[in-house]
Amino acid sequence: MEKWSLMTLTVLLALTVRWAVSLGSYSGAGKPPMYGDYEAQRHWQEITYNLPIRQWYFNTSDNNLQYWGLDYPPLTAYHSFVCAYIAKLINPDWVALHTSRGYESQPHKLFMRTTVFVADLLVYIPAVILYCFSLKETSAKKKASTCALCILLYPGLILIDHGHFQYPLSLGLALWAVLCLSHDWDLLGSVAFCLALNYKQMELYHSLPFFCYLLGKCFKKGLKGKGLVLLAKLAGTVLVSFAACWLPFGTDVEQIMQVLRRLFPIDRGLFEACMFSSPTHCPDKVANIWCSLSVLIKIKNVISPRTQLKLSFAVTFLSLLPACIKLTVQPSLRGFKFALVSCALSFFLFSFQVHEKSILLVSVPVCLIINEIPFMATWFLLVSTFSLLPLLLKDELLLPYAVTTPAFLAVCLASFSILEKTSAEDLQLKAFSLSLKGYVSWFKSFPRIVKSLFLLSLSLMGVLSVLGAAVPPPQRLPDLFPLAVAVVSCLHFLLFLVYFNVVILWDSKNRGQKKIS
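Keep in mind the model is a prediction, meaning the values are calculated, not measured. (Residues numbered from 1 in each chain as written. Predicted model: local features only at pLDDT ≥ 70, side-chain atom pairs only at ≥ 80, totals over all residues. Heavy atoms only, no water.)

### Observations concerning the nonpolar core
- Core analysis: the biggest nonpolar cluster contains 120 residues, and Phe380, Phe493 and Phe500 have the highest contact counts within it.
- With 13 residues, helix H14 (residues 333-350) is the single largest residue contributor to this core.
- Ignoring anything within four residues of it in the chain, the contact list for Phe380 reads Leu345, Ile359, Val362, Ser363, Val366, Phe493, Phe496 and Phe500.
- The next biggest cluster of nonpolar side chains, apart from the first, holds 37 residues, and it includes Ile47, Leu51, Trp68 and Phe111. (Core = buried A, V, L, I, M, F, W, Y, C linked by side-chain atoms within 4.5 Å. Buried < 20%, exposed > 50% of the residue type's maximum accessible area, 1.4 Å probe, protein only. Helix = DSSP H or I, 4+ residues; strand = E, 2+ residues; numbered from the N terminus. Contact = heavy atoms within 4.5 Å.)

### As for helix H18 (residues 398-416)
- The end-to-end C-alpha distance of H18 is 27 Å, a good match for the 27 Å that 19 residues give at a rise of 1.5 Å each.
- Among the residues of H18, those classed as buried are Pro400, Tyr401, Thr404, Thr405, Phe408, Leu409, Val411, Cys412 and Phe416. Down the axis of H18, the buried set is contained in an arc of 160°. They therefore lie on one face. In H18, the exposed positions that point more than 90 degrees away from the buried face belong to Leu399, Val403 and Ala414. (Expected span 1.5 Å × (residues − 1). Arc of directions from axis to C-beta.)

### Some remarks on the packing of aromatic side chains
- For the structure on display, the rule yields 27 aromatic pairs.
- With a centroid separation of 5.0 Å and an interplanar angle of 80°, the aromatic rings of Phe210 and Phe336 are classed as edge-to-face. Taken as a pair, Phe210 in helix H9 (residues 207-246) and Phe336 in helix H14 lie far apart in primary sequence, 126 residues in all.
- Under the relative-accessibility criterion, Phe336 is labelled buried at 0%.
- Taking 5.4 Å as the distance between ring centres and 45° as the angle between the ring planes, the aromatic pair formed by Phe380 and Phe493 counts as tilted. Of this pair, Phe380 sits in helix H16 (residues 374-387) while Phe493 sits in helix H21 (residues 480-505); the two residues are 113 residues apart in sequence, bridging distant segments of the chain. Grouping residues by exposure puts Phe380 and Phe493 together as buried.
- Each member of the aromatic cluster is reached from another via a ring pair, and the members are Phe338, Phe348, Phe375, Trp379, Phe380, Phe454, Phe493, Phe496, Tyr499 and Phe500.
- Its end group placed over the ring of Tyr67, Arg101 keeps NZ or CZ at 3.7 Å from the ring centre.
- Lying over the aromatic face of Tyr72, Lys200 brings its terminal NZ or CZ to 5.3 Å of the ring centre. (Phe/Tyr/Trp six-rings, centres within 6.5 Å; stacked < 30°, edge-to-face > 60°. Lys NZ or Arg CZ within 6 Å of the ring centre and 35° of its normal.)

### Side note on the state of the cysteines
- Taken as a whole, this structure holds zero disulfides when the rule is applied.
- You can see Cys343 has no disulfide; the closest cysteine sulfur is in Cys324, sitting 3.7 Å from it.
- By relative accessible area, which is 0% here, Cys343 ends up buried.
- There is no disulfide at Cys412, and the cysteine sulfur nearest it, in Cys150, is 4.0 Å away. (Disulfide = S-S within 2.5 Å.)

### Focus: the environment of Ser27
- Inspection of the secondary structure puts Ser27 in the loop between helix H1 (2-22) and helix H2 (37-50).
- A relative accessible area of 3% places Ser27 in the buried class.
- Sequence separation between Ser27 and Val354 is 327 residues; the distance between their C-alpha atoms is 18 Å.
- Apart from the residues lying within four places of it in its own chain, the contact partners of Ser27 are Gly36, Asp37, Tyr38, Gly163, His164 and Asp395.
- Polar side-chain contacts of Ser27 include one of 2.9 Å to the backbone nitrogen of Asp37. (Polar contact = N/O pair within 3.5 Å; in protein donor to acceptor, adjacent residues only side chain to side chain.)

### Brief notes about the side chain of Ser22
- Considering the arrangement of structural elements, one finds Ser22 in helix H1.
- By relative accessible area, Ser22 is classed as buried at 7%.
- Setting aside anything within four residues of it in sequence, one finds Ser22 in contact with Lys109, Arg113, Phe117 and His162.

### Brief notes about the pattern of salt bridges
- Counted by the stated rule, this structure contains ten salt bridges.
- In this structure, Asp37 and Lys357 form a salt bridge, with 2.3 Å as the shortest nitrogen-oxygen distance. With Asp37 in helix H2 and Lys357 in the loop between H14 and helix H15 (360-368), this pair connects stretches of sequence that are 320 residues apart. Considered together, Asp37 and Lys357 belong to a single accessibility category, that of buried residues.
- With a shortest N-O distance of 3.7 Å, Lys337 and Glu372 are connected by a salt bridge. (Salt bridge = Lys/Arg side-chain N within 4 Å of Asp/Glu carboxyl O.)

### Overview of the packing of helix H4 (residues 106-134) against helix H6 (residues 155-165)
- Between H4 and H6, the least distance of the axes is 9 Å, while the angle of their chain directions is 150°. When the interaxial angle is binned, H4 and H6 end up roughly antiparallel. Listed contacts from H6 to Met112, Arg113, Thr115, Val116, Phe117, Asp120 and Tyr124 of H4 are Leu157, Asp161, His162, Gly163 and Phe165.
- A per-class count over the contact of H4 with H6 returns six nonpolar, three polar and three charged. (Axes fitted to C-alpha atoms, helices over the stretch in contact; angles between N-to-C directions. Parallel < 35°, antiparallel > 145°, perpendicular 65-115°, else oblique. Nonpolar A, V, L, I, M, F, W, Y, C, P; charged D, E, K, R; others polar.)

Rendered as structure tokens:
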């Protein structure tokens, strides 16, 4: 009973923070003609409710794809339709075809914010709670609620979902998939991940770890016996799940091709993460390698879009290959969770058409291992929130950012005593340190060095946050602060990528893992 009381208090606190953030501004508020992501979600409700399914992804007189045209998979469209049906019952003006464009009012804002709350309560938050209760390392009553509190107070997701405006459904469904796999419910986990992927195509960031982990389990069981049966069941589950999601579009090949063209618009180029960016928001200020390199080399002026695509694919594939091979050969739940982080980070740093918000696809898996490496996980989550600063400033979310970020750090310090967990063993680097023994003399000073770097990193992020918010940039360099945030964040992420891959590759014990048989 006590553990549920603590968890209830945790959820209430998390909901209170979300409610407070939702009282502020949202993406594109009062900024015609394109407004922002809030209007995009409202517009999709308008389109899906008023037009037949066959027109949802096509450019017509009633559906101008240049104005927030649907560019997410079918489940997003179905979700928009359900929200639109409820909106129509409350106020038909909210989803009226054409005339509702740019609609803004307090009652409508309350409705839209409520839909995000409901998605959080039904999908994301329950997955977090059950995941924390399932952790062997957090079997004590207090520890499960502490772990859940840190995850649910992660500021990046709160500021984007309840501030900027976004639904947490794809990440929530992916969490349910991880939870199912942790209980060996592989088929249910496959269904959950297929649903996540069919809600947002960016879940491809997590697809290879899911594939390699399940394939590795099949290999371990033997492809001439139980493994082959499991492989057949998994393949059938995936096919049926996709068929169910795409059924309304499956009768026409042109429909399917048009949806795919909307989901993967490769002709936009390497940097065009968002075709509909407002003049004040340049999609090039993303904390990945291509945008950081573009400060020195204007890649899009030197390399053709097709070559950019090939280069991006090659670098992304090579960067995630080691973790995927290790996971396939030695499948373990712990290795799977670390591979989710490593592969998603590789996609964010090196892949094609990355948006700032895509860092959340890395951050949520990092939340899942915060109990194992609290110091590095907290550090990463702080950097990921900092990388969103230019977007948050544009959305007038400086105050929520300034409150939630230090509060999250304080909770992690109190919950995990992170500054005391900087030894090689605490950082899961003991095997790596032993392999370097005798070659690297400074490894004995490693905890002190790591702690100093952490404090330096916090100071740098704090200074840039203050400068970006309070100091006007030079006229000759109007994008100075957003670029500085992107480059500094990118350098952090590159170091984190190396770290996570070292942990994965030097981990031979797979501690606490059940034997796959």
